[in-house]
Amino acid sequence: MADAPNSPGPSGRPLGRPLSPHLQIYRWPITMAASITHRATGVALAGGTLFLSWWLMAAASGPDAYAVFAAAAAHPLGQIVLFGFLWSICFHLLNGIRHLAWDVGYGFKVPTAKMTAALVYAGSLILAGGAFVIGMMVRGGLGT
Amino acid sequence: MTRLNTPLSKIEGLGSSKSGTHHFWHQRMTAVALIPLSIWFAASALAYVGADQGAVAAYFAEPINAVPMFLFIVASTYHMSLGLQVIIEDYIHNEGQKIALLLLNRFAAWAIGSASAFALIRMALHP
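Residues numbered from 1 in each chain as written. Chains lettered and ligands numbered in written order. Predicted model: local features only at pLDDT ≥ 70, side-chain atom pairs only at ≥ 80, totals over all residues.

1. A closer look at the overall build of chain B
Right, so step 1: Scanning chain B from N- to C-terminus turns up five helices and zero strands.
Right, so step 2: Shown N-terminal to C-terminal, the secondary structure of chain B runs as helices and strands in the order α-α-α-α-α.
Right, so step 3: When each of the 127 residues of chain B is scored for burial, the buried share is 23%. (Helix = DSSP H or I, 4+ residues; strand = E, 2+ residues; numbered from the N terminus. Buried ≥ 20, exposed ≤ 12 C-beta atoms within 10 Å, placed from the backbone.)

Structure, rendered in structure tokens:
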């Protein structure tokens, strides 16, 4: 990356232009991580709508179709997917509220933005973890 | 070159952006709606994803559960299509691929939303 400004141009000669560094060499401030995680959890939730659709269609179709869904949800992999779905909702919800606060002009100071990003990470893990554990206590396991 | 649009349409025109703040505003409206709806959905899913088919169908047969679920399906699939559209516009620079993916994005949102809504309505109307 260090020699990027001197890389050959279309003519084959080095251009010698100043270039901004590639994404990979920046530090990862927590605000940048939160921004990327917001987009990633958004994509994950888009995938999650397929599971939501499956759940509703299976429940509407009858006990046989529902048994297939229930077996998949009770499988350890299904439980991981369910926890990921739940955490993605919690993160996207909390960070979405952070975005709405920015939209009306609050929370732009750097220390504030860093603190709220940390709060979103901690809060989403606590909420998702707590809800998942409560779900397990109530039913002896999600999907069982 | 002669411009055929009227002076009014020129001053009202949004130039190459075509649509002003429509996308931004709809994403925010659905975001605000999804604050209570997604909390309600997460709680319902936690309580009922492990229940048997009869319990799930009975839960969504109640109007007090079917209506928020319907609103959640509409708001979340619309919010999803708006969000994925931004990601496609950010990362796909080939015009043909971009248009194909933007179409696919909208079709998928309608397909997923419709499938979920029809399943819900079936449970709500045939308890």
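2. Let's talk about the overall build of chain A
Right, so step 1: When its secondary structure is counted, chain A shows four helices and zero strands.
Right, so step 2: Relative to its full complement of 144 residues, chain A shows a buried share of 27%.
Right, so step 3: Look at the contacts in chain A between residues 6 or more apart in sequence, and 62% of them connect residues 24 or more apart. (Contact = placed C-beta atoms within 7 Å.)

3. Concerning the interface of chain B and chain A
Right, so step 1: In this complex, chain B contributes 25 residues to the contact, which on the side of chain A involves 32 residues.
Right, so step 2: When residues of the side of chain B that touches chain A are traced back to their parent elements, those giving at least two are helix 2 (22–48), helix 3 (53–61), helix 4 (63–91) and helix 5 (95–125) of chain B.

4. Describing the confidence of the model for chain A
Right, so step 1: On average, chain A scores 88 in pLDDT, and the residues at 70 or more come to 85%.
Right, so step 2: In the model of chain A, helix 4 (residues 110–139) of chain A stands out as the element of lowest mean pLDDT, 93, in contrast to helix 1 (residues 30–61) of chain A, which has the highest, 97. (pLDDT = per-residue confidence, 0-100.)

5. Some thoughts on helix 5 of chain B
Residue pairs three or four apart in sequence face the same way in an α-helix, which turns once every 3.6 residues.
Right, so step 1: An ideal rise of 1.5 Å per residue puts 45 Å on 31 residues; helix 5 of chain B measures up with 44 Å between its terminal C-alpha atoms.
Right, so step 2: All of the buried residues along helix 5 of chain B are Ala109, Ile112, Gly113, Ala115, Ser116, Ala119, Leu120 and Met123 of chain B. (Expected span 1.5 Å × (residues − 1).)

6. Brief notes about the nonpolar core
Right, so step 1: By size, the foremost hydrophobic cluster in this structure holds 40 residues, and its most contacted members are Trp55, Leu56, Ala59 and Leu86 of chain A together with Leu120 and Met123 of chain B.
Right, so step 2: Of all the secondary-structure elements, those providing two or more residues to this core are helix 1, helix 2 (63–74), helix 3 (76–103) and helix 4 of chain A together with helix 3, helix 4 and helix 5 of chain B.
Right, so step 3: The element that contributes the greatest number of residues to this core is helix 1 of chain A, accounting for nine residues. (Core = buried A, V, L, I, M, F, W, Y, C linked by C-beta atoms within 7 Å.)

7. Focus: the environment of Leu45 of chain A
Right, so step 1: Position of Leu45 of chain A among the secondary structure elements: in helix 1.
Right, so step 2: Leu45 of chain A sits 41 residues away from Leu86 of chain A along the chain, and the two C-alpha atoms are 9.2 Å apart.
Right, so step 3: The contacts of Leu45 of chain A, once residues within four sequence positions are left out, are Ser88, Ile89 and His92 of chain A together with Met80 of chain B.

8. Points about the packing of helix 1 of chain A against helix 3 of chain A
Residues and elements named next belong to chain A.
Right, so step 1: Where helix 1 contacts helix 3, the two axes come as close as 9 Å, and the packing angle between them is 130°. When the axes of helix 1 and helix 3 are compared, the pair comes out oblique. Crossing handedness for the pair helix 1 and helix 3: left-handed. Contacts between helix 1 and helix 3 pair Ala34, Thr37, His38, Thr41, Gly42, Ala44, Leu45, Gly48 and Phe51 from the former with Val81, Gly84, Phe85, Ser88, Ile89, Phe91, His92 and Asn95 from the latter.
Right, so step 2: Its residues assigned to classes, the contact of helix 1 with helix 3 comprises eight nonpolar, nine polar and no charged. (Axes fitted to C-alpha atoms, helices over the stretch in contact; angles between N-to-C directions. Parallel < 35°, antiparallel > 145°, perpendicular 65-115°, else oblique. Left-handed = near helix turned anticlockwise from the far one by under 90°. Nonpolar A, V, L, I, M, F, W, Y, C, P; charged D, E, K, R; others polar.)

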